[in-house]
Amino acid sequence: MIGKLKGTIDEIGDDHVVVDVHGVGYVAHCSSRTLSKIGSPGEAVVLFIETYVREDQLRLFGFLSALEREWFRLLQSVQGVGSKVALAVLSVLTPGELANAIALQDKTSVSRAPGVGPKVAVRIVTELKNKAPAFAGEAAANIGLKQELGEGVASAPVSDAVSALSNLGYSRDQAANAVAAALKNGGEGLDSAKLIRLGLKELAR
């Protein structure tokens, strides 16, 4: 099994990259986000690899981080999600954004990925909601509050503040991050008006 490739970019296709490792070219299928950040032909690259072995083929999937590879595996544990759909989801959402969307039960963000219909989006946010915190990466700090919001059990001031900021045009994720920062800086027990005011200050930074 191949778990990692370290070499030089030979060519970049629409959905794959060819990595030259000591004269051997490995084709790794990647998300469009990964392909856009990977670099240019001739440059050095390190890819974390997921290897799929079938009777008639061997396919490599490449990722810029181990966390992205973990999400690729995790997504495919959901019924109706295969490698193509998993890559599509990771093309539109970073691991942190995906963890946030699942915590907030944000089906709309997940369904932005090509090939992900409403039913599949619902399954993703429902089936992975308990697993998201462990794979949140840089989003881990506020994931608990976002899960409370997603499940409808957050306190009234928090829910009201997030709703108010969302109504002003901010995404639910941005609003939740701002309110989480307000709670951290202002302390627990703030009413919704103070949370909104402090949240706006955070968003204006």
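Residues numbered from 1 in each chain as written. Predicted model: local features only at pLDDT ≥ 70, side-chain atom pairs only at ≥ 80, totals over all residues. Heavy atoms only, no water.

An unreviewed UniProt entry lists the chain under the name Holliday junction branch migration complex subunit RuvA, from Pararhizobium polonicum. Quoted verbatim from the Sequence similarities (unreviewed entry) heading of the UniProt record, the comment on the chain is "Belongs to the RuvA family." Listed in UniProt under the heading Subcellular location (unreviewed entry), the comment for the chain reads: "Cytoplasm". (UniProt positions renumbered as here; feature names shortened; annotations may be inferred.)

1. Let's talk about the packing of aromatic side chains
Within this structure, the stated rule accounts for 4 aromatic pairs. Here the aromatic rings of Y52 and F61 are separated by 5.0 Å at their centres, their planes lie at 65°, and the arrangement is edge-to-face. Per residue, the accessibility class of Y52 equals that of F61, and both read buried. Note on F61 and F72: the rings are 5.0 Å apart at their centroids and 40° apart in plane angle, and the pair reads as tilted. You can see F61 sitting in strand β5 (residues 58-63) and its partner F72 sitting in helix α2 (residues 66-75), a full 11 residues away along the chain. With relative accessibility at 1%, the residue F61 sits in the buried group. One aromatic cluster in this structure is built from Y52, F61, F63 and F72. (Phe/Tyr/Trp six-rings, centres within 6.5 Å; stacked < 30°, edge-to-face > 60°. Buried < 20%, exposed > 50% of the residue type's maximum accessible area, 1.4 Å probe, protein only. Helix = DSSP H or I, 4+ residues; strand = E, 2+ residues; numbered from the N terminus.)

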